[in-house]
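Observations on the three-dimensional arrangement
Residues per chain, in single letters:
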Amino acid sequence: MRLLVIEDEPDLRSGIARSLRDEGYAVDMAADGEEGLFKAENWTYDVILLDIMLPRVDGWELLRRIRRRGTTPVLMLTARDTVPDRVRGLDGGADDYLTKPFSLEELLARVRALIRRGAGRPSPVIEAGGAVIDLNARSVTRQGERIPLTPREYALVEYLALHRGKVVSRTELYDHLFGDDEDTMSNLLDVHVSNIRKKLGHDFIQTRRGHGYCIE
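Report on the accompanying structure. (Residues numbered from 1 in each chain as written. Predicted model: local features only at pLDDT ≥ 70, side-chain atom pairs only at ≥ 80, totals over all residues. Heavy atoms only, no water.)

1. Some remarks on the packing of helix α7 (residues 170-177) against helix α8 (residues 188-200)
- With their axes 11 Å apart at the nearest point, α7 and α8 run at an angle of 90 degrees to one another. Judged by the inter-axis angle, α7 sits roughly perpendicular to α8. Between α7, through Arg-170, Leu-173, Tyr-174 and Leu-177, and α8, the contact on the second element is made entirely by Leu-188, Leu-189 and Asp-190. (Axes fitted to C-alpha atoms, helices over the stretch in contact; angles between N-to-C directions. Helix = DSSP H or I, 4+ residues; strand = E, 2+ residues; numbered from the N terminus. Parallel < 35°, antiparallel > 145°, perpendicular 65-115°, else oblique. Contact = heavy atoms within 4.5 Å.)

In structure tokens:
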């Protein structure tokens, strides 16, 4: 899953990004509203984490423009914790609102919930291809045995499971699994798919030649 963190405080921005990457997410960052708007308009994200007090373009205006463009889930992160501020954010199109300071565990839980909601999968457990994907534990089991996956392998399985039954193009997978600062080789996706098939069976991920991949 690919996330965008728009936060002007450098230490907080890098700390959030590092924690999300440790969980296997691809993360892009923006230090001000103008940069955040550019990235939100030119790349596809599964969740946008948005501060309110931003230079150049503030969070309120950025939220308005993001909503005018699409339905990407937005989690507002801000020190402004009054009821009117929360109401303004939610009524303005934010999907969730988390006040600073916040715990990392809560942030990750809210991100997971927004990803599920955005994919139309309210349950944190998905059964697909003979495996059980636990979106909260970020784990995959088969016949009760946990399958060891790398963070990127899990991210690929999770994305296909959230879109179970749908053929997902290679371009879409690259857009959602790799950040803008990652050097991605043209065959990297094939390598991950091959490794997953070795662990979960050749038929777990099916190839639709010329179209992409899917989990039935």
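2. Considerations on helix α1 (residues 10-22)
- Helix length check: α1, at 13 residues, gives a terminal C-alpha distance of 18 Å against a target of 18 Å (1.5 Å per residue), a fit within 8%.
- Those residues of α1 that sit buried are Arg-13, Gly-15, Ile-16, Ala-17, Ser-19 and Leu-20.
- Looking at the buried positions of α1, the neighbouring elements they touch are β1 (2-6), β2 (26-30), β3 (47-51), β4 (74-78) and α5 (104-118).
- Within two residues after α1, Gly-24 carries a phi angle of roughly 100 degrees, on the positive side. (Expected span 1.5 Å × (residues − 1). Buried < 20%, exposed > 50% of the residue type's maximum accessible area, 1.4 Å probe, protein only.)

3. Focus on the packing of aromatic side chains
- The full count for this structure, using the stated rule, is two aromatic pairs.
- Ring centres of Phe-38 and Trp-43 lie 5.8 Å apart, and the angle between their planes is 75 degrees; on these two criteria the pair is classed as edge-to-face.
- Across the ring face of Tyr-25, the terminal group of Arg-138 is positioned such that the distance to the ring centre comes to 4.3 Å. (Phe/Tyr/Trp six-rings, centres within 6.5 Å; stacked < 30°, edge-to-face > 60°. Lys NZ or Arg CZ within 6 Å of the ring centre and 35° of its normal.)

4. Quick notes on the sheet that holds strand β6 (residues 125-128)
- Read across the open sheet, the four strands follow the order β6-β7-β8-β9; overall the sheet is antiparallel. Strands with a single pairing partner mark the edges of an open sheet, and in this sheet they are β6 and β9 (145-146).
- Of the pairings in the sheet, the one linking β6 to strand β7 (residues 131-134) comprises four bridges and is antiparallel in character. Residue pairing for β7: Ile-126 is matched across the bridge by Ile-133. (Pairing = 2+ DSSP bridges.)

5. Concerning the sheet that holds strand β5 (residues 96-99)
- Here five strands make up an open sheet; going across it, the order is β2-β1-β3-β4-β5 and the pairing parallel. Of all the strands in the sheet, the pair left with one neighbour each is β2 and β5. Averaged over all adjacent pairs, the angle separating strand axes in this sheet is 20 degrees, with direction ignored.
- Strand direction decides the pairing type here: β4 and β5, joined by four bridges, are parallel. Bridging from a neighbouring strand, Leu-75 pairs with Asp-96 of β5.

6. Observations regarding the environment of Arg-2
- By secondary structure assignment, the location of Arg-2 is in strand β1.
- A relative accessible area of 3% means that Arg-2 is categorised as buried.
- The spatial distance from the C-alpha of Arg-2 to the C-alpha of Leu-177 is 5.7 Å, given a sequence separation of 175 residues.
- There is a polar contact of 2.8 Å between the side chain of Arg-2 and the side chain of Asp-28. (Polar contact = N/O pair within 3.5 Å; in protein donor to acceptor, adjacent residues only side chain to side chain.)

7. Quick word on the packing of helix α2 (residues 33-42) against helix α3 (residues 59-69)
- Following both chains from N to C, one finds α2 and α3 inclined at 10 degrees, their axes separated by 10 Å at the closest point. Our classification of the angle between α2 and α3 gives roughly parallel. Together, Gly-33, Gly-36, Leu-37, Ala-40, Glu-41 and Asn-42 of α2 and Leu-62, Arg-65, Ile-66 and Arg-69 of α3 make up the contact between the two elements.
- Across the contact of α2 with α3, the residue classes tally to four nonpolar, three polar and three charged. (Nonpolar A, V, L, I, M, F, W, Y, C, P; charged D, E, K, R; others polar.)

8. Quick look at the side chain of Asp-96
- Mapped onto the secondary structure, Asp-96 falls in strand β5.
- Within the local environment of Asp-96, its side chain forms a polar contact with the side chain of Arg-110, the two groups lying 2.7 Å apart.
- Excluding residues that lie within four positions of it along the chain, Asp-96 makes contacts with Val-74, Leu-75, Met-76, Leu-90, Arg-110 and Leu-114.

9. Structural notes on the pattern of salt bridges
- By the definition in use, this model includes 17 salt bridges.
- The closest approach of N and O atoms between Arg-170 and Asp-190, which form a salt bridge, is 2.8 Å. You can see Arg-170 sitting in helix α7 and its partner Asp-190 sitting in helix α8, a full 20 residues away along the chain.
- Each of Glu-7, Asp-51 and Lys-100 takes part in one network of salt bridges that share partners. (Salt bridge = Lys/Arg side-chain N within 4 Å of Asp/Glu carboxyl O.)

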